[in-house]
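# Architecture and fold: a report
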Amino acid sequence: MPGIVASQAIVYDEKLRQQYFSYIWGTDQDLGNVFACDCVMACYSNEGREWKQQMLDYVQGNIDLVVERFARECPQIRPIVPEASFLVFLDCTALGFKTQSELEHFFAFDAKVGMNSGAMFGKGGIGFMRMNVGSPRSVVNEAIDRITKAVKDR
């Protein structure tokens, strides 16, 4: 849930679950904020059903916006539609950067947009950037505007 800093992980394999939670606990990533517990309980109860559906619809609208705008305005960047997240991977391999560092520099300094590097997810993420669309639509639009302008100015 964007902004609440609360998430759940269901890991069926016991060995993998122990590894995962040992990492989470060891890096203090298991600590939510003071509102997290109440927010999570409200979201998953009938009390939060309407809000949750509105939030999911809004995030899906942002995902659709990213896909449509890049297809229309900057087809060199191909968004990968997430299956269950508000994080959209952007396939930037067609931009032709020789290294991931060059791609990251382009996003940070030319487009002036902060994103996660795909490389932090392993070798398969090289050539990708990760865009958080769990935010106001105006922010998503501004990010796309900056990226498409930077690509055109190259």
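Please refer to the structure higher up on the page.
Here is a short report on the structure shown in this document. Bear in mind the structure is a predicted one, so any value in this text is a computation, not a measurement.

## Quick notes on the packing of aromatic side chains
Applying the stated criterion across every chain, the model contains five aromatic pairs. Taken together, a centroid distance of 5.2 Å and an interplanar angle of 45° make the contact between Phe97 and Phe106 tilted. Of the aromatic side chains, those joined through ring pairs into one cluster are Tyr20, Phe21 and Trp25. Just above the ring of Tyr58 sits the side chain of Arg137; from NZ or CZ to the centre is 4.2 Å.

## Focus on the sheet that holds strand E4 (residues 128–132)
The antiparallel open sheet is built from four strands, whose spatial order is E1-E2-E4-E3. Sheet topology places strand E1 (78–80) and strand E3 (116–117) at the edges, where each strand pairs with a single neighbour. Pairing of strand E2 (residues 87–91) with E4 involves five bridges; the strand directions are antiparallel. When the sheet's bridge partners are listed, Leu87 is paired in E4 with Asn132.

Calculation criteria
Sequence positions are assigned chain by chain, starting from 1 and proceeding in written order. Residues qualify for local features only when their pLDDT is at least 70, as the model is predicted, and side-chain atom pairs are given and counted only at 80 or more; totals for whole chains, interfaces and linings, by contrast, use all residues. Here the side-chain values reflect all heavy atoms present in the structure, with hydrogen atoms and water set aside. Between rings of Phe, Tyr and Trp, where Trp is taken as its six-membered ring, a pair exists when centres lie within 6.5 Å; planes separated by under 30 degrees are stacked, by over 60 edge-to-face, and by other angles tilted. In this scheme, Lys NZ or Arg CZ marks a charge over a ring once it lies within 6 Å of the ring centre and within 35 degrees of the ring normal. Pairing between strands is defined by DSSP: at least two bridges between them are needed. Helix and strand definitions follow DSSP, with helices as H or I runs of at least four residues and strands as E runs of at least two, each counted in order from the N terminus.

Any link to function would need more than the numbers given here.
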